Amino acid sequence: MKKIVIGFAIFFIVLVAAAILVPILFKDKIKQAVDKQIAQNVHATVIYETDDISLSLFRDFPDVSLGIDNLTVVGQDSFQTDTLAIIPSFRLGLNLMSVISGDELKVNKVVLQEPKIRLVVLESGKANWDIFISDTTAAPADTATSDFKMAIKGWNINNGTLYYDDLSIPFGLAMYGINHSGSGDFEQSVFDMDSKTTAERFTMTYDGVNYIQNAKLDADVTLAMDLEKALYTFKNNNIRVNEFPFQFAGSILMPAEDIDLDLTFKATETDFRNVLSVVPGMYTEDFKNIKTEGKLSFDGYLKGRLNDSLMPGFGTDLKIAEGYFKYPDLPQAARNINVDMSIDNKDGNVDNTNIMVRQFHLDLGKNPVDAKVSVQGLETMLVDGNVKASIDLDEITKVFPIDGMTLRGLLKVDANAKGTYSKTKMPVVNADMRLTNGFVKSKDFPAPIQNLNVVANILNTTGNTDDTRINIQNFNMSLDGEPLEGRVLVQGIDKPAFDANIKGILDLTKLTKIFPLEDMTVSGRINANVAAKGKMSDIEAEKYNNVTANGSMAINNLEFVSKDMPQGIKINNANAVFNNERIDLQNMSGYLGKSDIQASGSISNYLGYALADDQSLRGTFNLASNKFNVNEWMVDENTGQPVPESEAGVVEVPANLDITLNIDAKQVVYDNLNLSNMSGKVLVKDKVARLQQVSFNTLGGSFVTSGSYNTQNLQKPLFDFNLDIKNLKFKEAFNAFNTIKAVAPIAGLLEGTFSTKFNFAGELGQDMMPVLSTLDGAGVIEVIKAAVRDVKIVDKISSLTNFEELKNFVVENKRIDAQIVDGSLVVKPFDLKVGNVDMTVGGSNNVNGKIDYVTALNLPTGRVGQELNTRLSSLIGSDVKTAERVTLNLNIGGTLTDPRVSLAGGSAKGQAKEAVQNLVQNKLDDAKAQVEQRKQQAQDSLTNELNRKKLEAEQKAREELEKKRLEAEQKAKDQISNKINSLFKPKTTAPADTAKKE
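Heads up: these notes are all about the structure in this document. (Residues numbered from 1 in each chain as written. Predicted model: local features only at pLDDT ≥ 70, side-chain atom pairs only at ≥ 80, totals over all residues. Heavy atoms only, no water.)

Tallying secondary structure elements over the chain gives 14 helices and 45 strands in all. Scored against the burial criterion, the 998 residues of the chain give a buried share of 37%. Considering only contacts within the chain whose residues lie at least 6 apart along the sequence, 52% involve residues at least 24 apart. (Helix = DSSP H or I, 4+ residues; strand = E, 2+ residues; numbered from the N terminus. Buried < 20%, exposed > 50% of the residue type's maximum accessible area, 1.4 Å probe, protein only. Contact = heavy atoms within 4.5 Å.)

Inspection of the entire model under this criterion finds 20 aromatic pairs. Each ring, one from F244 and one from F246, has its centre 5.9 Å from the other, and the planes form 40 degrees; the classification is tilted. On the accessibility criterion, F246 (15% relative accessible area) is buried. Of note, R201 hangs over the ring of Y176, and the distance from its end group to the ring centre comes to 4.1 Å. When the ring centre of F734 is taken as origin, the NZ or CZ atom of K741, which lies over that ring, is 5.9 Å away. (Phe/Tyr/Trp six-rings, centres within 6.5 Å; stacked < 30°, edge-to-face > 60°. Lys NZ or Arg CZ within 6 Å of the ring centre and 35° of its normal.)

Residues other than glycine seldom take positive phi values, yet E114 does so here, at roughly 50 degrees. Inspection of the secondary structure puts E114 in the loop between β5 (105-113) and β6 (116-121). Judged by its relative accessible area of 45%, E114 is partly exposed. The phi dihedral of N159 is positive, around 55 degrees, even though this residue is not glycine.

Attention now goes to a nonpolar patch on the surface. A surface patch of nonpolar side chains, about 380 Å² in accessible area, is lined by I169, Y206, V209 and Y211. Counting through the fold element by element, V209 comes out in strand β10 (residues 209-226). (Patch = residues over 30% accessible without salt bridge, like charges linked within 9 Å, V, L, I, M, F, W, Y side chains within 5 Å. Areas by Shrake-Rupley, 256 points an atom, 1.4 Å probe, with all protein chains shown as cover. Salt bridge = Lys/Arg side-chain N within 4 Å of Asp/Glu carboxyl O.)

Here we take up the side chain of T660. Secondary-structure assignment places T660 in strand β33 (residues 657-670). Note on T660: relative accessible area 18%, which makes it buried.

Before going further, it helps to spend a moment on the nonpolar core. If you look at the biggest cluster of nonpolar residues, it comprises 91 residues, and the most contacted ones within it are Y606, I797, L806, M839 and L857. Core analysis: the next-biggest nonpolar cluster, separate from the first, contains 88 residues, V107, F191, I239 and V399 among them. (Core = buried A, V, L, I, M, F, W, Y, C linked by side-chain atoms within 4.5 Å.)

For the rest of this paragraph, the subject is the pattern of salt bridges. Summed over the entire model, instances satisfying the criterion amount to 29 salt bridges. With a closest N to O distance of 3.3 Å, R273 and E243 form a salt bridge. One end of the pair, R273, is in helix α4 (residues 272-276); the other, E243, is in the loop between β11 (231-241) and β12 (244-253), and 30 residues separate them in sequence. By relative accessible area, R273 is classed as buried at 17%. The partner of D340 in a salt bridge is R358, with the nearest N and O atoms 3.3 Å apart. On the criterion of sequence distance, the pair formed by D340 in strand β16 (residues 334-345) and R358 in strand β17 (residues 354-364) is long-range, its members being 18 residues apart. Of the residues examined, R358 reaches a relative accessible area of 37% and is grouped as partly exposed.

Let's shift gears to the pairing of strand β30 (residues 595-604). When you tally the buried positions in β30, you get seven out of 10 residues, the bulk of the element. Pairing analysis gives nine bridges linking strand β29 (residues 582-592) to β30, with the strands arranged antiparallel. By the bridge assignment for β30, M588 is matched with A599. Hairpin connection, β29 to β30: the antiparallel pair is bridged by two residues, and G593 has positive phi, about 65 degrees. Judged from the seven bridges that link them, β30 and strand β31 (residues 617-625) form a sheet pairing that is antiparallel. (Pairing = 2+ DSSP bridges.)

A few words on the environment of L253. Tracing the backbone shows L253 in strand β12. For the pair L253 and K229, spaced 24 residues apart in sequence, the C-alpha separation works out to 7.7 Å. In this view, L253 contacts K229, A230, L231, D258, I259 and D260; residues no more than four positions away in its chain are not counted.

Of the pairings in the sheet, the one linking strand β25 (residues 497-507) to strand β26 (residues 520-535) comprises 11 bridges and is antiparallel in character. Directly across from N501, in β26, lies its bridge partner A531. As defined by bridge partners, β26 adjoins strand β27 (residues 548-562) across 13 bridges and the pair is classed as antiparallel. What sits directly across from V522, in β27, is F560.

Here's what the structure looks like:
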């Protein structure tokens, strides 16, 4: 017995040790298998860290639990900036024996904790979840066998979030608090799959309208699965949205890309209360207390094929009889709710959709609402409908709760429409709307809108869009004793004629307290007296003499803050006077964010700009500021945080602007620069911003610049600037400007000041930084004073020549000519004198940090050491000791931080300045030749592409002509054949008309 106990203890210890060691021994193996499967099967970026992988034999025993935390899946190509899934915890239950054998990994269980999944379909139909590589693209070796098998028997999603946006429909779905579980034996080809899904709330949107909002979902679904046939049949299922339950029946067949649907659905309960629960705004915490009566029936179908070009047929019927609802705290009810409507589409063609509202009636208290509508087709609609209502707004609040709002007034609507609605036609319409003695009061603001009266009519008697007449005959109201009134008449849709007048005071502070605006705050007062009359055709033709527009507007303490503009705008005061042609802005003062601004000026063609798509706004403005902080506006519009340079994107110059800005700012903060005394002119036109003599002071120097920033091609924005800089320090320029760091890095090693006049041009990248390889320019650099010390290049020259005075020297009043070619700085030869040593320097450095310079040093022969003397004599073939002075030619390569200096030659006759000039000129010529060669290659490539397209078009035209010739030939043969047949065909005699004879 003792041996048995000891043996069992040993077995148990071995088993526990194995349970601990197996995850450690097989962790790398499983990780390699997962990585391999991702690489072979997934066309997306899957991000997870090795440390976030965990293995356990106990968590899901007898399965091995493979966990991956902080898993992220990011799309590629069109979706490379979109995150498809963020999964804090992803766990697989792997069959233990499959892990040990290593032949194939079987997944028995999948668990996702708090996943956030965003599914997107572009307008083109491309979906971001289409990330699995098809078998046709896999290597042959990979398709023969697979070491990964889905034998899933159960799965769970806990507290998930799902977003679905289909831009091609357009349809949207957002679900929160999703809990989903399912089970099924996927090792079998025929089995039942059971699933249960709940969501705390979900919203469904179509074409910008929320049809279901913040609803609850509870769904139990059993599908009969036939994997070999790819046939999925609904068995027992119950789905409930809020209190509206329904069921599906039928099947889904999807053996290939096509999906064949044969489904029916119907409501499983018949109380009116059920459908009322899905009406937006009705399903609140008080819904359980609402008293309801009435019956409903709801059913529908989906039948047909679904693919990229086909839609299945669909239809639904809804009937409500004697519906009734009443809130317990309100005195009146909505009664006599009767609805009979259907949507039917037999073949899936959108234009064959028929919508019939045969009856819609309800009584809101004592106020009846009636409507009948027939719509045939959705692209070209045949419409026949009418709506008639007479509503006392005070009684609406007695039927339906409107929290914190008091309404009064009589609203009458009588609208009829019959005919075709399309891009060029509209139904015959006669719609009247009249609101009398309106009254609106919000609990958040004590002053009401009073005496609100509106009389409006929409009339079209012919069905021609240009015969449409929209007439707001009268609009008037009083807000806290301040009146506002107006009228508007618009005739025509495509080329409308208009006649409008608005007069009064609009207090935005009070108005937005009564009608709050989402994600924005607006306050201030506008006092306006505006009149306009004319035709859109005259505005587009700029015949402003035919247009009457005049008036004035005064703005006081206007403030605007929104989610997209968290910095905010404030206008303390502004006055504008306008006529047909122009608006004069006078004495505007305020703030853009925290930056003060003062503005005045005038704009013209404002009517054309506002009402037409291709008209430009023209004008001249004077802008002044004491301190303007540009950095405040370089932020993410959603977070309000500074945008990293790599994500900033190209700043586009607005189109349809022809504006001149005269700038006068005492201080401008931009990036890490403080610019003072900025003045000059900026011209904005055709997506190009041009600077004219814009001057400012910064870093102790003065700047004057002219040039342009061109965004006509957003993929390759261009710039072209002329700089005139005086008394700027080398090191401060190096630290402040990235371009100087890349093109002239030696500036970071010099102590002193310089001035320059330089012209340069090139392309900007998507991060708004210059693409250095495209830079070209030329100019002159005037070194006012520069102390050269601790520069490695000079130290190496000093070490090679034993001239200690070269380690530290000062350059004063030296003019240097330079060019930028293809991103490389080419310094033309210039002379220096250090003690009794004469130097000539020239060469180039490129954007990769490589330097290539040549230097000639002319010095007394006695200063040359014995070793250097011997090397120089061997190079020139004679003893240099006999000469009074000698010239050393040095090559300088490598990089600025790791230079290489070597003796290239010399002369006992004098300074070899010409040699330096020739070498530098050769470098310059080579660089220019490379640029021209690339330009020619680009031109040749463009020419070849144009020729290819031309040949394709010609070939297509020939094929089309040949096709038409053959069709005509065949048609002629058929006609001849028919003629011949008719000649030999026996004639028939018509029967006698006996009725006439009788």
